[in-house]
Amino acid sequence: MTQLDLNRVRQSIKNQIGSKIKISANRGRHKFVTAKGVITQTYPNILENADGNDQNKTVSFSYQDVITRDVRMMLLEN
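Structure report, in brief. (Residues numbered from 1 in each chain as written. Predicted model: local features only at pLDDT ≥ 70, side-chain atom pairs only at ≥ 80, totals over all residues. Heavy atoms only, no water.)

### Some details on the overall build of the chain
The helix and strand tally for the chain stands at 2 helices and 5 strands. In the chain, the succession of helices and strands from N to C terminus is α-β-β-β-β-α-β. A burial count over the chain gives 26% of its 78 residues as buried. Expressed as a percentage of contacts within the chain between residues at least 6 apart in sequence, the contacts between residues at least 24 apart total 42%. A total accessible area of about 5,600 Å² is found for the chain, and carbon and sulfur atoms account for 46% of it. (Helix = DSSP H or I, 4+ residues; strand = E, 2+ residues; numbered from the N terminus. Buried < 20%, exposed > 50% of the residue type's maximum accessible area, 1.4 Å probe, protein only. Contact = heavy atoms within 4.5 Å. Areas by Shrake-Rupley, 256 points an atom, 1.4 Å probe, with all protein chains shown as cover.)

Structure representation (structure tokens):
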């Protein structure tokens, strides 16, 4: 993983702010958590996803998790 890869992923996700997504996160030992929501904000090291079912629930992930595929994101149709 290079800084260029990280910047490319960061910019790609930043362009999708406000988009509906489905996230599948690897929590280890064959445990996956799946959630739907909207990309609300991006920061230099993390992105935030507001859960579509509960607007008070916010989940954060690092861009490195996306690159290593510990977190997988799929855009949903609006």
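Now that the structure has been shown, the text picks up again.
### A look at the pattern of salt bridges
Applying the stated criterion across every chain, the model contains 1 salt bridge. Arginine 8 serves as the salt-bridge partner of aspartate 5, at 3.8 Å between the closest nitrogen and oxygen. Of this pair, aspartate 5 and arginine 8 both sit in helix 1 (residues 3-14), separated by 3 residues, roughly a single helical turn. (Salt bridge = Lys/Arg side-chain N within 4 Å of Asp/Glu carboxyl O.)

### A closer look at the layout of surface pockets
Counted as a void, the largest pocket has a volume near 190 Å³. If you trace the largest pocket, you find 13 residues lining it, with Ser12, Ile13, Val66, Met73 and Met74 closest to the centre. Breaking the lining of the largest pocket down by element, the ones donating at least two residues are helix 1 and strand 5 (71-75). Looking at the lining of the largest pocket, the element that brings in the most residues is strand 5, giving 5 residues. Class assignment for the residues of the lining of the largest pocket results in 9 nonpolar, 2 polar and 2 charged. (1 Å grid on protein atoms, 1.4 Å probe; cavity = no way out; pocket = protein on both sides within 12 Å on 5 of 7 lines; lining within 4 Å. Points joined across faces, edges and corners; volume = space filled by probe spheres on them. Nonpolar A, V, L, I, M, F, W, Y, C, P; charged D, E, K, R; others polar.)

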